[in-house]
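The residues making up each chain are set out below.
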Amino acid sequence: QSLNTCPKWEARKHNATGRKEGLEQAGVARGFVRTHETECSDMCAQVKPPGKRVNKSEDAWLSEHYRGRRVLVIFDEATKLKNRDTALVKRWRYIQKELRKAGQMRASALTATPYESALDDIFNLRLVIAPAGLPLIKDYEARYIKGRDPFGRPTYHEHLKAEFYNLYVRPIIHRKRKTDADVRDQFPAMTEDAHNLEMGPEQDKFYEAVSELQWSDDDEWAEVPGLYTVLRQIAAYPEALLHSQGALAQMLVEEFGAEYIKGLPSIKAEWVRERAKIIRAQGAKYIVFSFFGQSVVPLLARDLIKDKHKVFMNHGGLTEREADDARRGFRQWDGPAILVTSDAGSKGLNYPEASYLTNYELPTLHSTYIQRINRISRLVGGGETATVDSLVVMKTVEVTRAQQMLERNEDSDIILGDSEYDDENFVSAADRRKALALQRENRKRKK
């Protein structure tokens, strides 16, 4: 609709069935709005040549409409194209190559999180968006990739990350920050704080007993499937084990007893409950993010309801209608309210009504952290300060997870040029590391 307000511009949605017939009847519009997948299916056919095992890309019916035309392609949510091994990216690379051969073609990409986990994210986006000037994949890997971990994930030469930014990112990126002077006043001021919590003796004793499973009687360390996740749940809320479908969690419930585990306290839950009382007294709205959508989220919601708060719950186990009702109800509720949600609520959803947000657990991906806190940092013409708190239980696996998030934050700063950005309003990776004040802590092996 907004494209149609431009002078001499006609745009139409290009989706659903019958789009080919509709295009033939109406003629070629100046602009199309469609999904990444719809464009691929209409412009790139996958054909298996006789005697071959691998499909080959060929022009599909929509390609003819672009022949000889000047074409501008704008990719929204461009991180969908960050993995060059997916069929989607391979087909898009073919489409872009053919468009460039057929006429004048330019492309732009829009994304709030261009860097999520590795240099590959931006290199692969450029393969689709702006391949000119990039090295061959084999040369890029030989130059920047130091090796790969047991899961095949690349590790990079740290001293070359700044070079990568200067050569392949800086020339094509328009980096816009919410703290830039020309837009700063359009967003609420934001403060970030971190809280390092210590488990009480009962929760700590149970965590210690479970962590001992990774050691044999001969003090040999052995990997225990599911142990890392179980330890995260115990640090978050021990009772979550009762709602877990994991084999190790169910074994622990059987061994220790459901009543014992149910009676164990949670230092994090206690912190959130106290925080919620203060926020309610202010008449404000509050969001709590947890990784464990179907085990921890319902427990937190239950506790907060007991404390007489108005609570809405959102996680991946709800139907689409239930989730929509919860999110809409939270936004429209007249008065203080709490939304307890998994990361199902961290992307593409706006909650400018909320002034407070707590990361019940820090995510490994820095991009997920940014997605979460951006839910309450929306264009609202300034207004109240948005306050973000992050919880980490010391001497648990949560410390390592927080360190991983900070390391990716630091990589992101380097790759996007933020490590050299000097603005007291911008929260850098170094600022977050200072706030968390984390040191790597290992529990001593108890014999």
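The present account deals with the structure reproduced in this document. (Residues numbered from 1 in each chain as written. Predicted model: local features only at pLDDT ≥ 70, side-chain atom pairs only at ≥ 80, totals over all residues. Heavy atoms only, no water.)

Quick look at the sheet that holds strand S10 (residues 285-289) now. An order of S9-S14-S13-S10-S12-S11 is seen for the six strands of this open sheet, with the pairing classed as parallel. Strands with a single pairing partner mark the edges of an open sheet, and in this sheet they are strand S9 (190-197) and strand S11 (311-314). On average, each strand axis in the sheet is inclined to that of its neighbour by 15°, with strand direction left out of account. Bridging between S10 and strand S12 (residues 337-341) involves five bridges; their strand directions are parallel. (Pairing = 2+ DSSP bridges. Helix = DSSP H or I, 4+ residues; strand = E, 2+ residues; numbered from the N terminus. Axes fitted to C-alpha atoms, helices over the stretch in contact; angles between N-to-C directions.)

What follows deals with helix H16 (residues 429-436). Residues of H16 that are buried: Ala429, Arg432 and Leu436. Buried residues along H16 cover an arc of 60° about the axis, so they all sit on one side. Exposed and oriented more than 90 degrees from the buried face of H16 are Ala430 and Lys434. Those residues of H16 that are buried lie in contact with S9, helix H14 (366-373), strand S14 (386-393) and helix H15 (397-415). Downstream of H16 by one or two residues, Ala437 has phi in the positive range, about 50°. (Buried < 20%, exposed > 50% of the residue type's maximum accessible area, 1.4 Å probe, protein only. Arc of directions from axis to C-beta. Contact = heavy atoms within 4.5 Å.)

Before going further, it helps to spend a moment on the pattern of salt bridges. Throughout the structure, instances matching the rule amount to 29 salt bridges. Between Glu116 and Lys82 there is a salt bridge; the shortest N-O distance is 2.8 Å. Here Lys82 lies in the loop between strand S5 (71-75) and helix H3 (87-102) and Glu116 lies in the loop between strand S6 (105-109) and helix H4 (119-129), a separation of 34 residues in the sequence. Overall, Glu116 belongs to the buried group, its relative accessible area being 8%. Across the pair Lys161 and Glu158 runs a salt bridge whose closest N-O atoms are separated by 3.1 Å. Looking at Lys161, the relative accessible area reads 3%, which means it is buried. One salt-bridge network, held together by shared partners, links Arg84, Asp120, Glu141 and Arg148. (Salt bridge = Lys/Arg side-chain N within 4 Å of Asp/Glu carboxyl O.)

As paired strands, strand S7 (residues 145-148) and strand S8 (residues 154-156) are joined by three bridges and run antiparallel to one another. Residue pairing for S8: Ile145 is matched across the bridge by Tyr156. Counting the residues between successive antiparallel strands, the hairpin from S7 to S8 contains five residues, one of them, Gly152, with a positive phi of roughly 85°.

Before going further, it helps to examine unusual backbone geometry. Phi at Glu77 is positive, roughly 50°, even though this residue is not glycine. Structurally, the position occupied by Glu77 is in the loop between S5 and H3. For Glu77, a relative accessible area of 45% translates into the label partly exposed. The backbone of Lys308 shows a phi angle near 70°, a positive value even though the residue is not glycine.

Turning our attention to the nonpolar core. Grouped together as the largest cluster of nonpolar side chains are 44 residues, with contacts concentrated most on Leu241, Tyr286 and Tyr360. Elements represented by at least two residues in this core include exactly helix H7 (201-211), helix H8 (227-236), helix H9 (247-256), helix H11 (267-281), S10, helix H12 (296-306), S12 and S14. Sequence-distant contacts of Tyr286, that is, excluding residues within four places in its chain, are made with Trp271, Val272, Arg275, Ala276, Ile279, Phe330, Ala337, Ile338, Leu339, Tyr356, Leu357 and Thr358. Ala194, Ala337, Tyr369 and Val388 belong to the second largest nonpolar core, which has 25 residues in total. (Core = buried A, V, L, I, M, F, W, Y, C linked by side-chain atoms within 4.5 Å.)

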